[in-house]
Amino acid sequence: MSGNKITIVGAGNVGATTAHIAASRRIGEIALLDIVKGLAEGKALDMAHAGPVQRYDGTIVGTTDWSKAEGSGIVVITSGLARKPGMSRDDLLAKNVQIVKEVSEKVAKFCPDSIVIVVSNPLDAMVYAAAKVTGFAKNRILGMAGALDAARFSHFVAEELGVSSEDVRGILMGGHGDDMVPLPRFTSVAGIPVTELLDGETIARLIERTRKGGIEIVDLLGSSAYYAPAAGVVKMAEAIVADSKAIMPCSAYCDREYDVGGYFVGVPVMLGKRGVERVVELKLEADERAEFDRSLEHVKQLAAKVDKLL
Ligand code: NAD
């Protein structure tokens, strides 16, 4: 990556919350960008005012002007419509692909050396669109979903067991949809596989709640989640900025990996200053592989729709 500047596109719920968490974790210089005049400027100024209280310094610029994004090492794309009750993520595709296309063209022009983290839904399809439009090397384009879905799974496991969520390491794979593939065999509590601690029926219930975690919030709130998604983005950005080689599930380009054949889909990856530095290949059992293949098929269908629309 080319410097500790991060541009967040979209100053709505996810974008602004990402900017605030990133600022409070002193991640670097932040540019918050939106097409709505005044929105990013106002929110960035408000966040700057919180600095003396929350003890962070540094620049947070709100803007509609892409030239302010120049020099960014990371660009986070949150621009796009969010779900309302009764909608699936796939319902957003036609509108969001145009927004992601327009934004990706700007990213290629103003931030040609950046690593791009896509958040807009339907996630894996929007990562695919951003990769196509920017033409960036595949290690520099990734999507945030696994960090969120794994956090949801970890939270439910911690709640069920009454343990600290810090001790739970959840992992999952597949597309960011109701057919995501949580992997209890690889989920641990302080190193102990969750399968040793919870019975199959309980695990199945927590998996179901994880899969429906997004819609549970949409139904309560009337719009989609943003605190946990923003925290997921910042976790990824921190790993990239610190070159920490942290391993977490992200939507990443896989060709021979898992025999995916050239699509972006949720897999465990190692993150560092080059973005996706390695896809971690787990030995899946037949039922896990079947679930992954089902989810991948869905991802491929959405990518085909993107191909038609771009
Ligand atoms: P929001 O409506 O609060 O914010 C979206 C913002 O994007 C708005 O402020 C809008 O003005 C801006 N925008 C639209 N077009 C733009 C453009 N061309 N350039 C710059 N800004 C533009 O929505 P939200 O709740 O923040 O959600 C944003 C996206 O993230 C949605 O697509 C949502 O489905 C997705 N999302 C993904 C995850 C995930 O896990 N990947 C989680 C939550 C939300």
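Throughout what follows, the structure given in this document is the object of discussion. (Residues numbered from 1 in each chain as written. Predicted model: local features only at pLDDT ≥ 70, side-chain atom pairs only at ≥ 80, totals over all residues. Heavy atoms only, no water.)

This paragraph deals with the side chain of S188. Relative to the elements of secondary structure, S188 occurs in strand β10 (residues 188-189). For S188, a relative accessible area of 16% translates into the label buried. The residues touching S188, leaving out its near neighbours within four places in the chain, are D167, V168, R169, P193 and V194. (Helix = DSSP H or I, 4+ residues; strand = E, 2+ residues; numbered from the N terminus. Buried < 20%, exposed > 50% of the residue type's maximum accessible area, 1.4 Å probe, protein only. Contact = heavy atoms within 4.5 Å.)

A few words now on the packing of aromatic side chains. Tallied over the full model, the rule gives 5 aromatic pairs. Aromatic side chains Y128 and Y263 sit 6.1 Å apart centroid to centroid with 15° between the ring planes, which places their arrangement in the stacked category. Within this pair, whereas Y128 is found in helix α4 (residues 123-134), its partner Y263 is found in strand β13 (residues 263-272), the two being separated by 135 residues in sequence. The side chain of K138 reaches across the aromatic face of Y253, ending 5.1 Å from its centre. The ring of F136 carries R140 above its face, with NZ or CZ at 4.3 Å from the centroid. (Phe/Tyr/Trp six-rings, centres within 6.5 Å; stacked < 30°, edge-to-face > 60°. Lys NZ or Arg CZ within 6 Å of the ring centre and 35° of its normal.)

Around the ligand, the surrounding shell holds 29 residues, and the nearest of these are N13, V14, D34, L81 and M144. Interatomic distance of 2.9 Å between a backbone N/O atom of N13 and an oxygen atom of the ligand. Interatomic distance of 3.0 Å between a backbone N/O atom of V119 and a nitrogen atom of the ligand. The protein chains hide 88% of the 860 Å² of surface that the ligand would expose on its own. Among the elements of the structure, α1 (13-24) and α3 (93-110) are those that each provide at least two residues to the shell around the ligand. Take the shell around the ligand: its biggest share by element is 4 residues, from α3. For the shell around the ligand, the residue count by class is 16 nonpolar, 11 polar and 2 charged. Three or more residues apiece are contributed to the shell around the ligand by two domains, here domain 1 (5-143) and domain 2 (146-309). (Near = heavy atom within 4 Å. Polar contact = N/O pair within 3.5 Å; in protein donor to acceptor, adjacent residues only side chain to side chain. Areas by Shrake-Rupley, 256 points an atom, 1.4 Å probe, with all protein chains shown as cover. Nonpolar A, V, L, I, M, F, W, Y, C, P; charged D, E, K, R; others polar. Domains from an automatic or database assignment.)

Inspection of the secondary structure assignment puts S223 in the loop between α7 (213-221) and α8 (227-241). Residue S223 is classed as buried on the basis of its relative accessible area, which comes to 17%. Filtering out sequence-adjacent residues up to four positions away, S223 remains in contact with N13, R83, K84, I217 and V218.

What follows deals with the packing of α3 against helix α9 (residues 286-309). Relative placement of two packed helices is described by the angle separating their axes and the distance separating the axes. Packing of α3 against α9 leaves a shortest axis separation of 10 Å and a crossing angle of 60°. Taken together, the axis directions place α3 and α9 in an arrangement best described as oblique. Where α3 crosses over α9, the two elements pack in a sense that is right-handed. Taking contact as the criterion, the partners of L93, A94, V97 and Q98 in α3 are, on α9, L302, K305, V306 and L309. For the contact of α3 with α9, the class distribution of residues is 6 nonpolar, 1 polar and 1 charged. (Axes fitted to C-alpha atoms, helices over the stretch in contact; angles between N-to-C directions. Parallel < 35°, antiparallel > 145°, perpendicular 65-115°, else oblique. Left-handed = near helix turned anticlockwise from the far one by under 90°.)

Our next topic: the sheet that holds strand β7 (residues 168-169). With antiparallel pairing, the 3 strands of this open sheet are ordered in space as β7-β10-β11. Across the chains shown, the open sheet's two edge strands, defined by having one partner strand only, are β7 and β11 (192-193). With 2 bridges joining them, β10 and β11 adopt antiparallel strand pairing. Within β11, the position partnered with V189 by the bridge is I192. (Pairing = 2+ DSSP bridges.)

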